[in-house]
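Single-letter residue listing:
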Amino acid sequence: MSLRKKIMIVLGVATAGAIMYVICCVISLIYTIRRIPEAYAAWDTGTFLVEYMKTHTNSWPASWSELSTLAKTNSGGGFVLRGANGPNYIFTLSNKVAIDWSFKPTPGNTNWPVTRMDGKRFPIVWQDGEPNAMIHDYLNAPRETNRTPVIFQKGSAQSSTLP
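Note on numbering: residues in each chain are counted from 1, in written sequence order. It should be noted that, the model being predicted, local features are given only for residues of pLDDT at least 70 and side-chain atom pairs only at 80 or more, the latter also being counted only at that level, while totals for whole chains, interfaces and linings use all residues. The side-chain quantities take in all heavy atoms of the structure and omit both hydrogens and water.

## Let's talk about the overall build of the chain
Strands here mean DSSP runs of E at least two residues long; helices mean DSSP runs of H or I at least four residues long; both are numbered from the N terminus. For the chain, the helix and strand inventory stands at 4 helices and 4 strands. Taken from N to C terminus, the helices and strands of the chain fall in the order α-α-α-β-β-α-β-β. Here's how the labels work: a residue is buried when its accessible area is under 20% of the maximum for its type, exposed when over 50%, partly exposed in between, all with a 1.4 Å probe on protein chains only. Here the chain holds 163 residues, and 28% of them are scored as buried. Considering only contacts within the chain whose residues lie at least 6 apart along the sequence, 55% involve residues at least 24 apart. Total accessible area computed for the chain in this model is approximately 11100 Å², and 60% of it derives from carbon and sulfur atoms. The contact criterion used throughout is that any non-hydrogen atoms of two residues lie within 4.5 Å. Calculation of accessible area relied on Shrake-Rupley with a 1.4 Å probe; when residues are assessed, cover is drawn exclusively from the protein chains displayed.

## Points about the confidence of the model for the chain
Think of pLDDT as the predictor's per-residue confidence, scored from 0 to 100. The share of residues in the chain with pLDDT of 70 or more is 80%, and the mean pLDDT across the chain is 81. Strand E4 (residues 159-161) is the least confidently modelled element of the chain, averaging 42 in pLDDT, while strand E1 (residues 97-99) averages 95, the highest of any element. Per-residue pLDDT stays below 50 along residues 156-163; that stretch engages in 16 contacts with residues further than four places along the chain or on separate chains.

## As for helix H1 (residues 3-55)
With 53 residues, H1 should reach 78 Å at 1.5 Å per residue; the first-to-last C-alpha distance of 74 Å fits that figure. Bend angle per residue: angle between axes fitted to the 7 residues ending at that residue and the 7 residues starting there. Along its length, H1 shows its largest kink, about 45°, at Ile36, and proline Pro37 lies within four residues downstream of that point. At the C-terminal side of H1, Thr57 shows a positive phi close to 50°. Expected helix span is taken as 1.5 Å per residue step, with the number of steps being one fewer than the number of residues.

## Remarks on a nonpolar patch on the surface
Judged by side-chain polarity, Leu3, Ile7, Met8 and Leu11 come together as a nonpolar surface patch covering roughly 420 Å² of accessible area. Residue classification places Met8 among the exposed residues on the basis of a relative accessible area of 52%. Without a salt bridge and with relative accessible area above 30%, a residue can belong to a patch; like charges are then joined within 9 Å and nonpolar side chains (Val, Leu, Ile, Met, Phe, Trp, Tyr) within 5 Å. A pairing counts as a salt bridge when a side-chain nitrogen of Lys or Arg comes within 4 Å of a carboxyl oxygen of Asp or Glu.

## Structural notes on the pattern of salt bridges
The tally for this structure, following the rule as stated, stands at 3 salt bridges. Two residues, Glu38 and Arg116, come together in a salt bridge whose shortest N-O distance is 3.1 Å. One end of the pair, Glu38, is in helix H1; the other, Arg116, is in strand E2 (residues 114-116), and 78 residues separate them in sequence. Under the relative-accessibility criterion, Glu38 is labelled buried at 17%. With its nearest N and O atoms 3.4 Å apart, the salt bridge here joins Glu51 to Lys54.

## Considerations on the state of the cysteines
Note on terminology: a disulfide is the covalent bond linking the sulfur atoms of two cysteines. By definition, disulfides here are pairs of cysteine sulfur atoms that lie within 2.5 Å. A full pass over the atoms with the stated rule returns 0 disulfides. Its sulfur unpaired, Cys24 is 7.1 Å from the next cysteine sulfur, which belongs to Cys25. By relative accessible area, which is 35% here, Cys25 ends up partly exposed.

## Observations concerning the packing of aromatic side chains
Two rings from Phe, Tyr or Trp (for Trp, the six-membered ring) form a pair when their centres are within 6.5 Å of each other. A pair whose planes differ by under 30 degrees is stacked, one over 60 is edge-to-face, and the rest are tilted. If you walk through the whole model with that rule in mind, you get 2 aromatic pairs. On the basis of an interplanar angle of 80° and a centroid distance of 5.6 Å, the ring pair of Trp64 and Trp101 is categorised as edge-to-face. One end of the pair, Trp64, is in helix H2 (residues 64-73); the other, Trp101, is in the loop between E1 and E2, and 37 residues separate them in sequence. Exposure remark for Trp64: the relative accessible area of 14% places this residue in the buried category. Among the residues examined, Trp101 registers a relative accessible area of 24% and is labelled partly exposed.

## Regarding the nonpolar core
Only buried residues count toward a nonpolar core, which is a set of Ala, Val, Leu, Ile, Met, Phe, Trp, Tyr and Cys residues joined through side-chain atoms within 4.5 Å. Residues Leu67, Ile99 and Ile135 are the most contacted members of the largest nonpolar core, which totals 25 residues. Tallying contributions element by element places H1 first for this core, with 8 residues. Leave out the neighbours within four places in its chain, and Ile99 touches Thr45, Leu49, Trp60, Trp64, Leu67, Pro113 and Val114.

## Comments concerning helix H4 (residues 131-140)
When you tally the buried positions in H4, you get 7 out of 10 residues, the bulk of the element. Burial in H4 covers these residues: Pro131, Asn132, Met134, Ile135, His136, Tyr138 and Leu139. Residues of H4 that are buried make contact with H1 and E2. Polar contact is the term for a pair of N or O atoms within 3.5 Å; when the atoms are in protein, one must be able to donate a hydrogen and the other to accept it, and sequence-neighboring residues count only if both atoms are side-chain atoms. For H4, the N-terminal capping position is held by Glu130, with its side-chain oxygen 2.7 Å away from the main-chain nitrogen of Asn132.

Structure representation (structure tokens):
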């Protein structure tokens, strides 16, 4: 085989590889762009649920209607929604996201209460945007309790804790 033919084969293989790489990147980009509305819906649902638990003593809402009460009180912008598009945004979420309303929000609960409408998990588009991870992170985060202060006596290295 001549040197020229070997060079042409190498260039052909390199060109085909580069074209395949570009095609894969374009397909991945299209897939991600098509998933953005669903990803925002999932992220915002996770945000709504965590904020609901924060404002309702860690209780879980019973329905979209109950969760919507939080949307009405957020008119002042108490928390950030990424895909919000109007006053009825939470009701558009109910067409994109399924919630297990019987979920028990307790630390250590590893169930996934938020899914796509078909019952499957959401694909991760953004880090920290998966609603179940947001819920589990909130439930398992250390909480401040009514700790008793440590008292230092002036001129003493000793301290004591109030009962």
